[in-house]
Amino acid sequence: MLYREAGQFKTTYAADQQLFPIRQDRIGMAILLAAVFVGVPLAAATPAIAGAIDFNYWFSGVLIPFLIFSLAALGLNILTGYAGQLSLGTAAFMAVGAFAAYNFELRVPGIPMLASFILAGVVAALIGIVFGLPSLRIKGFYLAVATLAAQFFVVWALTKFGWFSNYSSSGVITAQKLAVFGYAVDTPVKRYLLVLAIVSVMALAAKNMVRSSIGRAWMAVRDMDVAAEVVGIPMMKTKLLAFAISSFYCGVAGALYAFAYLGTVEPAGFELELSFRILFMIIVGGVGSILGSFLGAAFIVLLPIFMDLSAASIERSFGFALPAGLVSNLTLILFGALIIFFLVVEPLGLARLWQIAKEKLRLWPFPH
Amino acid sequence: MQFFFEVLIGGLLAGVMYSLVALGFVLVYKASGVFNFAQGAMVFFAALTTVGFISMGAPFWLAVALALLAMVALAFFTERMVLRPLVNQPQITLFMATIGLAFFIEGVAQLTWGAQVHALDLGIADEPIAWLMDNTGMNISKFDLVASGIAAALVAVLAIFFNKTRTGRALRAVADDHQAALAVGISLQRIWVIVWVVAGFVALVTGLLWGARNGVQFALTFLALKALPVLILGGFESIAGAIVGGLIVGASEKLAEVYIGPHVGGGIESWFPYVLALAFLLVRPEGLFGERRIDRV
């Protein structure tokens, strides 16, 4: 009873091919976009609401990292979820993006910020192609190890060669001031809007990409690469394109991570731990789903915050201090248990649960 | 030249330690087709449990026995909670499940025993052997030599177990063909528990040796990552491959650090084994001793 799509007929090819064929979905998406683009900043600007909630914290501590991790998860999902190539090197490609954007800003005078973000993505894509080359010959765990090589090599190279970080000690870089078309993006709200705009455009592109011929080729390779090759899908082009586009997304996410979220990053911040977190996002959210990337990122970003908050409230209401490290270890245990839980119970993650719920609600209360 | 041999032997001995970790992987992979990413976490857990019991006042042998008991419990838990529900799933799914398992074990271990670094004393001094030092001038640690001896003994015991006992033969049967093993009446679930117990035992030995060397600390979990290039070089299915791969990785990473490292800024140990393994994969995708995979539609 959520809504009924009865009476909506597709009479043209264009109608058949549109992104959201059901009118209510289109309206829902429009409302969602209006809410996040207009509603949230407006609420933050309203003194009555802004007084009750600490919007600066919410923007820079929750929403911006959520959006950036969504973008990185989207990138990994293209590679692992759609093209079926397991990657443990996501953080490395993010690092490439972050340092590339920094260097473009530093060394090319007057380059627009968005251009340097795009170029950072392109550089990450090139590195992605290099480390994707082994995928033509090996697959499965062997490929996972190849991507681990990317992870360690990139972090090592960025630390060792001072040129990348403009010879700062231990490779720490401080991102330049964020500005778009000469307009300074200096408050959390503005940063949020910029990140949101970039993520929205790239998510839309990804959504369209995975239902085009290249997306179908990726899925064919994922489901059985030998069969895909037999029916004439060019293996080299398909796999390398998956690596390139995935790395492009991760690279842009990395640039945003440095410029819009942290401000100061070092190569050691892009450790394997971060790659695993992004892998967890797509497992929890849904492997092979655009929506799942967002749901998983939200879940993994919010879970530690929720754990900290509940620990703080337990401490306050019972009046004793929890031992140091307890919460972080419990979070670790919970992460591990959740991964296993999702793989066992719902391998397609939160996105699949959402789909089931929607299906149930569509027919409720008459399920036949 | 003498310096070369010193580095080479030091690397080979370090490689033995890598082989031990890789051995745990191979055992589990052979019997259940699971690429067990949690092996490093198991090493950490086993060593931490031993040290924890020792710090509670238990004698060394009792602490080791209790730690072994904990590994057995872990094996039962893993079989029941992870492997059984995921039977017949793609290997990648199982692999990701073991990443989750690794996080779970790390959390439990630190929650139970605390996160600080513990020292572990096995009573073997980590000092150069005086005789070798005097006669050849080479600096070879006594501890490394004893550790390799223990590793060799462990491999011998495992070889006997796999070749001469009934259970060991059942394990090999499962490794060869799950269906056929089931048909002749081998219980897969029992075999999985046994193989995880054996992997836990190997993890315990590894944890004690590495822990005595570097201190029992969280960094032990990263051993799993060191074992990956070893596995690639040696092949996932071969115990001999794990040993040879470990030796190659140990020796080559030390030699590369000494001879190539200074030219590119040093610290290449972190990624050199991976690149070596990668280069190797391009020539021989199934590793030195692995089984050639045949793809069918």
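Remember, predicted model here, so these are calculated numbers, not experimental data. Residue positions within a chain follow its written sequence, with the count starting from 1. Ligands are numbered from 1 and chains lettered from A, in the order in which they are written. In view of the model being predicted, local features appear only for residues whose pLDDT reaches at least 70, and side-chain atom pairs are presented and counted only at 80 or more, with totals across whole chains, interfaces and linings using the full set of residues.

## A few points about the overall build of chain B
Strands are runs of DSSP state E lasting at least 2 residues, helices are runs of H or I lasting at least 4, and numbering of each runs from the N terminus. Across its full length, chain B carries 13 helices and zero strands. Secondary structure of chain B in N-to-C order comes out as α-α-α-α-α-α-α-α-α-α-α-α-α. Computation of the radius of gyration draws on C-alpha atoms, with the globule rule given as 2.2 Å multiplied by the number of residues to the power 0.38. For 297 residues, the compact-globule estimate of 2.2 N^0.38 gives 19 Å, and the C-alpha radius of gyration of chain B, at 19 Å, lies within 12% of that figure. Expressed along its principal axes, the backbone C-alpha trace of chain B runs to roughly 60 × 55 × 35 Å. Exposed residues have 12 or fewer other C-beta atoms within 10 Å of their own C-beta, buried residues have 20 or more, and partly exposed residues fall in between, where C-beta atoms are placed from the backbone. A burial count over chain B gives 46% of its 297 residues as buried.

## Observations regarding the overall build of chain A
Secondary structure assignment for chain A yields 15 helices and four strands. For chain A, the C-alpha radius of gyration of 22 Å lies close to 21 Å, the compact-globule estimate for 368 residues. Its C-alpha atoms give chain A principal-axis dimensions of roughly 65 × 60 × 45 Å. Residue burial in chain A is summarised as follows: out of 368 residues, 42% are buried. Sequence-distant contacts in chain A: of pairs separated by 6 or more residues, those separated by 24 or more amount to 75%. Contact criterion: two residues are in contact if their C-beta atoms, reconstructed from the backbone, are within 7 Å.

## Description of the interface of chain B and chain A
Note: interface size is frequently given as the accessible area lost on complex formation between the parts. On the chain A side, the residues contacting the 39 residues of chain B number 35 residues. For the side of chain B that touches chain A, the secondary structure elements donating two or more residues are α3 (60-83), α4 (91-113), α10 (223-234) and α13 (272-283) of chain B. Looking at the side of chain B that touches chain A residue by residue, the classes come out as 29 nonpolar, eight polar and two charged. Three classes are used: nonpolar for Ala, Val, Leu, Ile, Met, Phe, Trp, Tyr, Cys and Pro, charged for Asp, Glu, Lys and Arg, and polar for all others, with Gly counted as polar.

## Digging into the environment of Trp196 of chain B
Residue and element names in this part refer to chain B. As for its placement among the helices and strands, Trp196 is situated in helix α9 (residues 188-214). Counting along the chain gives 169 residues from Trp196 to Leu27, while the straight-line C-alpha distance between them is 8.2 Å. Once you skip the residues sitting within four places of it in the chain, Trp196 turns out to touch Val28, Ala75, Thr78 and Glu79.

## Thoughts on unusual backbone geometry
Phi angles above zero are rare outside glycine, and Asn166 of chain A is one such case at about 55 degrees. By C-beta crowding, Asn166 of chain A is classed as partly exposed, having 14 other C-beta atoms within 10 Å.

## What to know about the environment of Cys250 of chain A
Residues and elements named next belong to chain A. Along the chain, the position of Cys250 falls in helix α11 (residues 235-262). The sequence separation of Cys250 and Asn329 amounts to 79 residues, and the corresponding C-alpha distance is 28 Å. Those residues within four positions of Cys250 in sequence are excluded, and the remaining contacts are Ala72, Gly75, Leu76, Thr90, Phe93, Met94, Gly97 and Ala124.

## Concerning the packing of helix α2 (residues 23-45) of chain A against helix α8 (residues 188-209) of chain A
Residues and elements named next belong to chain A. Put simply, α2 and α8 touch, their axes get as near as 11 Å, and they point 170 degrees apart. In terms of axis orientation, α2 runs roughly antiparallel to α8. Contact with α2, carried on its side by Val36, Phe37, Pro41 and Ala44, involves Val189, Leu193 and Leu196 of α8 and no other residues of that element. Tallied by class, the residues present in the contact of α2 with α8 amount to seven nonpolar, no polar and no charged. Where helices are involved, their axes are fitted lines through C-alpha atoms of the stretch in contact, as for all axes, and angles between N-to-C directions lie from 0 to 180°. The scheme is simple: roughly parallel for angles under 35 degrees, roughly antiparallel for over 145, roughly perpendicular for 65 to 115, oblique for anything else.

## Here we look at helix α7 (residues 141-160) of chain A
Each residue after the first adds 1.5 Å to the expected span of a helix. Given a rise of 1.5 Å per residue, 20 residues ought to cover 28 Å, and the 28 Å separating the end C-alpha atoms of α7 of chain A matches this to within 8%. Along α7 of chain A, 16 of the 20 residues are buried, which leaves the element largely enclosed by surrounding structure.

## Points about the confidence of the model for chain B
Residue and element names in this part refer to chain B. Confidence of the prediction at every residue is given by pLDDT, a number between 0 and 100. Mean pLDDT over chain B stands at 83; residues scoring 70 or higher make up 94%. Of all secondary-structure elements in chain B, the lowest mean pLDDT belongs to helix α5 (residues 130-135), at 67, while α3 reaches the highest, 91. Here the complex is predicted with pTM 0.88, and the ipTM for its interfaces comes to 0.83.

## Remarks on the packing of helix α2 (residues 39-55) of chain B against α4 of chain B
Residue and element names in this part refer to chain B. Packing of α2 against α4 brings their axes to within 9 Å, and their N-to-C directions diverge by 15 degrees. With respect to their mutual orientation, α2 and α4 come out roughly parallel. Read as a crossing pair, α2 and α4 show a hand that is left-handed. Contact with α2, carried on its side by Gly40, Ala41, Met42, Phe44, Phe45, Leu48, Thr49 and Gly52, involves Ala102, Ile105, Glu106, Ala109 and Trp113 of α4 and no other residues of that element. Residue composition of the contact of α2 with α4, grouped by class: nine nonpolar, three polar and one charged. Put simply, a crossing is left-handed when the front helix is turned counterclockwise from the back one by less than a right angle, and right-handed when it is turned clockwise.

## A few points about the environment of Ile111 of chain A
Residue and element names in this part refer to chain A. Within the fold, Ile111 resides in the loop between α5 (90-107) and α6 (113-132). Residue Ile111 is classed as partly exposed on the basis of its 14 C-beta neighbours within 10 Å. In this structure the C-alpha to C-alpha distance between Ile111 and Val230, which are 119 residues apart in sequence, comes to 46 Å. In this structure Ile111 touches Phe104, Glu105 and Ser116, once residues within four positions along its chain are discounted.

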